[in-house]
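Summary of structural features
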Amino acid sequence: VRSMVERSKGLDHPFMLEEEKNKPNINGDLFIKLGNRALKVTGGPFESAPKGHGTVCMAKEKTGGDIRVPTQDFNVPTEQELIFGLWQALDFFKHGKPFHVGCMGGWGRTGIFLTALVQLSYEMKYEPNPALALRYVRDAYSPRAVENEGQEKFLRDLNLSALASYARHYLD
């Protein structure tokens, strides 16, 4: 128990097993299928990205990331920045590369990106269903995903139809 507590605080405690020191401290993961391509996507603090994974940085206050969607804490990105980040993430799906989405805590802004990916998945195959997408992310990833009403409203109003049309062809 002690080593898990120490690991969760990001400390290198002498009682920790070597494999615990190298284990990423992610909040959760979920499988997302876009077209006929499915990937395991992890989420959590940006620094907790598993080695070898692509990265999406949602935190404006952080640097780095293969994909950047700079967003202030407890806020939402612009629709254009989010759609551009989702468009870039299509390459992870096309090439079968697992990736990690992160911000500071890995809940609100991370949840926005994960939920938007699930919305894109639904829109590519069925009809847009933001409520179902958010429910899936909260059930599969974390009940804390998407932290406030402003973030939920942003996802309800998000229009991914053009990106869904492009993704259908790009990922075939």
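As the structure is a prediction and not an experimental result, all values here were calculated from the model. (Residues numbered from 1 in each chain as written. Predicted model: local features only at pLDDT ≥ 70, side-chain atom pairs only at ≥ 80, totals over all residues. Heavy atoms only, no water.)

**Observations regarding the pairing of strand β5 (residues 99–103)**
Across the five residues of β5, five count as buried, placing the element largely inside the fold. Across the two faces of β5 the burial is the same, with Phe99, Val101 and Cys103 and His100 and Gly102 all buried. As paired strands, strand β2 (residues 37–45) and β5 are joined by five bridges and run parallel to one another. The partner of glycine 44 across the bridge, within β5, is glycine 102. Sheet topology note: the strand β3 (residues 54–59)/β5 ladder contains four bridges and is parallel. Looking at β5, one finds that valine 56 is bridged to valine 101. (Buried < 20%, exposed > 50% of the residue type's maximum accessible area, 1.4 Å probe, protein only. Helix = DSSP H or I, 4+ residues; strand = E, 2+ residues; numbered from the N terminus. Pairing = 2+ DSSP bridges.)

**Quick word on the packing of helix α4 (residues 108–125) against helix α6 (residues 149–157)**
The relative placement of two packed helices comes down to the angle between their axes together with the axis-to-axis distance. Contact pair α4 / α6: the axes reach a minimum separation of 11 Å and the direction vectors enclose 20°. Between α4 and α6, the interaxial angle falls into the category roughly parallel. As α4 runs across α6, the sense of the crossing is right-handed. For the pair α4 and α6, the contacting residues are Gly108, Arg109, Ile112, Thr115, Ala116 and Gln119 in the first and Gln151, Phe154 and Leu155 in the second. Its residues placed into classes, the contact of α4 with α6 shows four nonpolar, four polar and one charged. (Axes fitted to C-alpha atoms, helices over the stretch in contact; angles between N-to-C directions. Parallel < 35°, antiparallel > 145°, perpendicular 65-115°, else oblique. Left-handed = near helix turned anticlockwise from the far one by under 90°. Contact = heavy atoms within 4.5 Å. Nonpolar A, V, L, I, M, F, W, Y, C, P; charged D, E, K, R; others polar.)

**A look at the side chain of glutamine 151**
With respect to the helices and strands, glutamine 151 occurs in helix α6. By relative accessible area, glutamine 151 is classed as buried at 0%. Of note is the side chain of glutamine 151, whose polar atom sits 3.1 Å from the backbone oxygen of asparagine 75. Leave out the neighbours within four places in its chain, and glutamine 151 touches Phe74, Asn75, Val76, Gly108, Arg109, Ile112 and Val146. (Polar contact = N/O pair within 3.5 Å; in protein donor to acceptor, adjacent residues only side chain to side chain.)

**A closer look at α4**
Helix length check: α4, at 18 residues, gives a terminal C-alpha distance of 26 Å against a target of 26 Å (1.5 Å per residue), a fit within 8%. When you tally the buried positions in α4, you get 17 out of 18 residues, the bulk of the element. (Expected span 1.5 Å × (residues − 1).)

**Quick look at helix α3 (residues 79–94)**
Along its 16 residues, α3 runs 23 Å from first to last C-alpha, staying within 8% of the 22 Å computed at 1.5 Å per residue. Burial in α3 covers these residues: Leu82, Gly85, Leu86, Ala89, Leu90, Phe92 and Phe93.

**Brief notes about the packing of aromatic side chains**
A full pass over the atoms with the stated rule returns five aromatic pairs. Ring geometry for phenylalanine 92 versus phenylalanine 99: centroids 4.7 Å apart, planes at 25°, classification stacked. Owing to a relative accessible area of 0%, phenylalanine 99 belongs among the buried residues under this scheme. Pairwise contacts between aromatic rings join Phe92, Phe93 and Phe99 into one cluster. Cation over ring: lysine 94 sits above tyrosine 170, and NZ or CZ is 4.5 Å from the ring centre. (Phe/Tyr/Trp six-rings, centres within 6.5 Å; stacked < 30°, edge-to-face > 60°. Lys NZ or Arg CZ within 6 Å of the ring centre and 35° of its normal.)

**Details of the environment of phenylalanine 113**
Residue position: phenylalanine 113 is located in helix α4. For phenylalanine 113 and proline 77, which are 36 residues apart along the polypeptide, the C-alpha to C-alpha distance reads 9.6 Å. Once you skip the residues sitting within four places of it in the chain, phenylalanine 113 turns out to touch Val56, Met58, Val69, Leu82, Gly85, Leu86, Ala89, Phe99 and Val101.

**Quick word on the sheet that holds β3**
Ordered in space as β1-β2-β5-β3-β4, the five strands form an open sheet in which the pairing is mixed. Here the strands that pair on one side only, and so sit at the sheet edges, are β1 (28–34) and β4 (67–71). Averaged over all pairs of adjacent strands, the angle between their axes in this sheet comes to 20°, without regard to strand direction. Running over the sheet, α3 touches β1, β2, β3, β4 and β5 and is turned about 155° from β4.

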